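Survey of secondary and tertiary structure
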Amino acid sequence: MAGIKRIFLLSDTHGYVDDAICRYAAQADEVWHAGDIGSENVLESLSQSSITLRAVFGNIDDTSLRKKWPEDAVFEIEGLKVWITHIGGYPGKYVRRVQQKWNSIKPGLFICGHSHILKVMYDSKNACLHMNPGAAGIHGFHQVRTALRFQVRAGKVENLEVIEFGKRAQPL
């Protein structure tokens, strides 16, 4: 769609990908992974389903993933400046590394993973939407596997949906 991008956002797969995740990825124009990928196989499965794949490495990712993917992905899409990193914190509680870079990047959408806690909130101090898609994998302390789906049009996030894949230890 011209002027609209459909985004599928996930994080913390920890090496796990299934058909349900791939079905959502196939419906997107872009798939974004906010770190703790766990295995290149995850990204290979997602990239077969999507036109564009963007990812950052997380703290559990090995050297091969760290060589292929950056710690920070900063880009513009449909007029929206996006910053994706794995360990970022939350509005009012950003980690020091993020605080130090914030003014040079000034995103309209800030995305991180790591916590396994799905959160979407507006950062009024920085005029920025903050997203954490939770964890899509089966490893970790989260109870439900989650991801986000939304559209970007004219510099804004629209039609945001929370996707639940079921209980953490019970893949569909």
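The paragraphs below set out a description of the structure included in this document. (Residues numbered from 1 in each chain as written. Predicted model: local features only at pLDDT ≥ 70, side-chain atom pairs only at ≥ 80, totals over all residues. Heavy atoms only, no water.)

Attention now goes to the overall build of the protein chain. Helix and strand counts for the protein chain stand at four helices and twelve strands. For the protein chain, the spread of C-alpha atoms along the principal axes amounts to about 40 × 35 × 30 Å. Here the protein chain holds 172 residues, and the buried ones make up 49% of them. For the protein chain, contacts bridging at least 24 residues in sequence account for 50% of all contacts bridging at least 6. (Helix = DSSP H or I, 4+ residues; strand = E, 2+ residues; numbered from the N terminus. Buried < 20%, exposed > 50% of the residue type's maximum accessible area, 1.4 Å probe, protein only. Contact = heavy atoms within 4.5 Å.)

Now for the sheet that holds strand E9 (residues 118–123). The strands that make up a sheet are held in pairs by hydrogen bonds between backbone atoms, and each pair lies either parallel or antiparallel. One open sheet accounts for five strands, arranged E4-E5-E8-E10-E9; its pairing is mixed. Two strands close off the open sheet at either side, each with one partner strand: strand E4 (72–77) and E9. Each strand of the sheet is rotated relative to its neighbour by a mean of 15 degrees, with strand direction disregarded. On the sheet, helix H4 (residues 96–105) packs against E4, strand E5 (80–85), strand E8 (109–111), E9 and strand E10 (128–133) and is oriented at approximately 160 degrees with respect to E5. (Pairing = 2+ DSSP bridges. Axes fitted to C-alpha atoms, helices over the stretch in contact; angles between N-to-C directions.)

Our focus in this paragraph is the pairing of strand E3 (residues 52–55). Here E3 shows a clear split, with Leu53 and Ala55 buried on one side and none of Thr52 and Arg54 buried on the other. Direction of pairing for strand E2 (residues 30–33) relative to E3: parallel, over a ladder of four bridges. Bridged to Glu30 within E3 is Thr52.

The subject of this paragraph is unusual backbone geometry. With a phi angle near 50 degrees, Asp12 is a residue other than glycine that sits in the positive phi range. Following the sequence through the fold, Asp12 ends up in the loop between strand E1 (4–10) and helix H1 (19–26). Despite not being glycine, Ala154 shows a phi value in the positive range, around 50 degrees. Tracing the backbone shows Ala154 in the loop between strand E11 (144–153) and strand E12 (156–167).

Ordered by their spatial adjacency, five strands build an open sheet running E3-E2-E1-E11-E12, and the pairing between neighbours is mixed. Only two strands of the sheet have a single neighbouring strand rather than two, namely E3 and E12. Strand-to-strand twist across the sheet, computed as the mean angle between neighbouring axes with direction ignored, equals 20 degrees. Pairing between E11 and E12: nine bridges, direction antiparallel. Residue pairing across strands places Thr146 opposite Glu164, the latter belonging to E12.

To locate leftover empty space, one rolls a probe as large as a water molecule over the atoms. One number sums up the size of the largest pocket: a volume of about 170 Å³. Lining the largest pocket we find Pro91, Gly92, Lys93, Tyr94, Val98, Gln99, Trp102, Asn103, Asp123, Lys125 and Asn126. With four residues, H4 is the largest single contributor of residues to the lining of the largest pocket. Its residues assigned to classes, the lining of the largest pocket comprises four nonpolar, four polar and three charged. (1 Å grid on protein atoms, 1.4 Å probe; cavity = no way out; pocket = protein on both sides within 12 Å on 5 of 7 lines; lining within 4 Å. Points joined across faces, edges and corners; volume = space filled by probe spheres on them. Nonpolar A, V, L, I, M, F, W, Y, C, P; charged D, E, K, R; others polar.)

The next subject is the pairing of E2. Burial of E2 is two-sided: the residues Glu30 and Trp32 facing one way and the residues Val31 and His33 facing the other way are all buried. Pairing between E1 and E2: four bridges, direction parallel. Across the sheet, residue Phe8 finds its bridge partner in E2, namely Val31. The handedness of the E1 to E2 crossover, carried by H1, is right-handed. (Right-handed = clockwise from strand over helix to strand, strands pointing away.)

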